Amino acid sequence: DLMSDDQSSLPRDLQDKYLLTRRIGTGVCGEVRLAFERSTCRKFAVKIINKKNFQSEGTATRNAKTEIDILQRVDHPCLIKTEDFYQTEESFYIVLELMEGGELFHRVKSKQQLNESVAKLYFYQMLRAVEYLHSNGIIHRDLKPENILLSSQDDVCLIKVTDFNQSRILEEAVLMRTLCGTPSYLAPEVFTHASTTGYGLAVDAWSLGVLLFVCLGGYPPFHESFGHQSVTDQIIRGEFTMVQSKWTSVSDQAKDVVRKLLVVDPMKRMSIEEALQHPWLQDQKMLETAHRLMYPSAEGGGAAAAMEAESTSGRHLRKRGREGDGEEQH
Ligand SMILES: c1ccc2c(c1)[nH]c1[nH]cn[n+]12
């Protein structure tokens, strides 16, 4: 009947705390619904990950576990925060902060292409989010416009990176590989962390290059409609297409950032740090706006306050809860 919302299949304790309503997003692994916290009427996004969507039980649980673990430990203004976590036999329910602006994907689509200053503001925030992940040994591995969320309908807004289920926590990957192999044949750099971070992290730099290309050009750099080559071949050869009509109004510095990120050899590709130092991003007005959005509590604003906020909270993963190892289930 009209009064009782049909939330029958949802975990009891999730229902007790939240009223789930309409679908606001769909992902490869499930859907995202708008939810209201019953006690406060605050709005949240509830991501429902269907366990059977994954090929094998193991992967599903492992992926989602990694995602949950990462979501609960990351703490950065440009990374989506987890409020709550529930699970049933068939699904995971992750309560996330609601991003009223929806996915970057739809913003770029509706605007054809973003104007350069907006693209720069978003790109800078993405760089900072990924810089934070990398400094905590986390590779996102699946950065794309669907995984970048906007905090409001305004052009000038905070962005947040989401969808960590493709992420890989570096230490585990490294540990596994090292433990599998017989150490005596492993080169020194394997242990000195250099080789492991070198290759892995660069995948996110490439994806950020694709994201910036899409924001500035309004279309993807590698696409089957460009000439005879398959998309894979275009990517392997690093052959992207800048359609004249779309790129004439884009500055040479912006194009330079794209060209230095879309480099095939990961060791030659511009790193996140180098991108943050690129002339295109030494733009005081943009930096002030970004810091005001990222660190609103920094009273009086100013670079010092932002640096202060960044150095205290902005650097490290949150400690796992004392009880258990952060695995507490609802
Ligand atoms: C549209 C699609 C997905 C969304 C969203 C709005 N807000 C939010 N928070 C976490 N995911 N997510």
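(A) Up close: the overall build of the protein chain. If you tally the helices and strands in the protein chain, you get 13 helices and 10 strands. Taken across its 330 residues, the protein chain has 48% of its residues classed as buried. In the protein chain, the share of contacts with a sequence separation of at least 24, taken over all contacts with a separation of at least 6, comes to 65%. Surface accessibility of the protein chain: about 16900 Å² in total, with carbon and sulfur atoms responsible for 55%.

(B) Spotlight on helix α10 (residues 252-261). For α10, the full list of buried residues reads Ala254, Lys255, Val257, Val258 and Leu261. When α10 is viewed along its axis, its buried side chains cluster within an angular range of 155° and face the same direction.

(C) Region of interest: the pattern of salt bridges. Under the counting rule described, the total for this entry stands at 14 salt bridges. With its nearest N and O atoms 2.8 Å apart, the salt bridge here joins Arg23 to Glu31. The exposure class assigned to Glu31 is buried, which follows from its relative accessible area of 15%. Salt bridges sharing common partners tie together Arg23, Glu31 and Arg33.

(D) Layout of unusual backbone geometry. At Cys41, a residue that is not glycine, the phi angle is positive and equals roughly 65°. Along the polypeptide, Cys41 turns up in the loop between β2 (30-37) and β3 (43-50). On the basis of relative accessibility, which here comes to 57%, the residue Cys41 falls in the exposed class. Not every positive phi belongs to a glycine, and Gln112 is a case in point at roughly 65°.

(E) Layout of the nonpolar core. Formed by 60 residues in total, the largest nonpolar core has its most connected members in Leu104, Tyr122, Phe123, Met126 and Leu208. For this core, the elements supplying multiple residues, two or more each, are α3 (104-111), α4 (116-135), β8 (148-150), β9 (159-161), α7 (194-217), α10, α11 (272-277) and α12 (284-294). Ranked by residues supplied to this core, first place goes to α4 with 12 residues. When sequence neighbours within four positions are dropped, the list of residues in contact with Phe123 reads Leu208, Leu212, Val257, Leu261, Trp280 and Leu281.

(F) Fine view of the environment of Leu121. Counting through the fold element by element, Leu121 comes out in helix α4. Beyond its immediate stretch of four places on either side in the chain, Leu121 contacts Asp155, Val156, Cys157, Met286, Thr289, Ala290 and Leu293.

(G) Local environment of the side chain of Ser152. Tracing the backbone shows Ser152 in the loop between β8 and β9. Side-chain polar atoms of Ser152 contact the backbone nitrogen of Asp154, separated by 3.0 Å. Those residues in contact with Ser152 that lie beyond four places of it in its chain are Glu100, Gly101, Arg107 and Cys157.

(H) Region of interest: α4. Its 20 residues place the ends of α4 28 Å apart at the C-alpha level, agreeing with the 28 Å of an ideal helix rising 1.5 Å per residue. By the criterion of burial, α4 is predominantly enclosed, with 17 of the 20 residues buried. Phi turns positive one or two residues past the end of α4, at Gly137, with a value near 70°.

(I) Representation of the site of the ligand. Near the ligand, the surroundings consist of Ile24, Gly25, Val32, Ala45, Ile80, Leu96, Glu97, Leu98, Met99, Gly102 and Leu149. At 2.7 Å from a nitrogen atom of the ligand is found a main-chain nitrogen or oxygen belonging to Glu97. Contact with the protein chains removes 93% of the 290 Å² of surface that the ligand exposes when unbound. When contributions to the shell around the ligand are tallied by element, the ones reaching two or more residues are β1 (18-27) and β5 (91-97). Across the shell around the ligand, the residue classes break down as 8 nonpolar, 2 polar and 1 charged.

(J) Structural context of the confidence of the model for the protein chain. Mean pLDDT over the protein chain stands at 82; residues scoring 70 or higher make up 73%. Every residue in residues 194-198 scores below 50 in pLDDT, and together they form 8 contacts with partners more than four places removed in sequence or on other chains. The model gives residues 322-330 a pLDDT under 50, and that stretch makes 15 contacts with residues more than four places away or in other chains. If you check the scores for this complex, the pTM reads 0.82 and the ipTM reads 0.93.

(K) Quick peek at the sheet that holds strand β6 (residues 102-103). Strand order in the open sheet formed by 3 strands is β6-β8-β9, and the pairing between neighbours is antiparallel. Pairing within the sheet leaves two strands with one partner each, and these edge strands are β6 and β9. Bridge count between β8 and β9: 3 bridges; the pairing is antiparallel. The residue of β9 that forms the bridge with Ile148 is Val161. Here α4 sits on the sheet and contacts β8 and β9; the angle it forms with β9, its principal contact strand, is near 35°.

Reading guide: rules and limits
Residues numbered from 1 in each chain as written. Predicted model: local features only at pLDDT ≥ 70, side-chain atom pairs only at ≥ 80, totals over all residues. Heavy atoms only, no water. Helix = DSSP H or I, 4+ residues; strand = E, 2+ residues; numbered from the N terminus. Buried < 20%, exposed > 50% of the residue type's maximum accessible area, 1.4 Å probe, protein only. Contact = heavy atoms within 4.5 Å. Areas by Shrake-Rupley, 256 points an atom, 1.4 Å probe, with all protein chains shown as cover. Arc of directions from axis to C-beta. Salt bridge = Lys/Arg side-chain N within 4 Å of Asp/Glu carboxyl O. Core = buried A, V, L, I, M, F, W, Y, C linked by side-chain atoms within 4.5 Å. Polar contact = N/O pair within 3.5 Å; in protein donor to acceptor, adjacent residues only side chain to side chain. Expected span 1.5 Å × (residues − 1). Near = heavy atom within 4 Å. Nonpolar A, V, L, I, M, F, W, Y, C, P; charged D, E, K, R; others polar. pLDDT = per-residue confidence, 0-100. Pairing = 2+ DSSP bridges. Axes fitted to C-alpha atoms, helices over the stretch in contact; angles between N-to-C directions.

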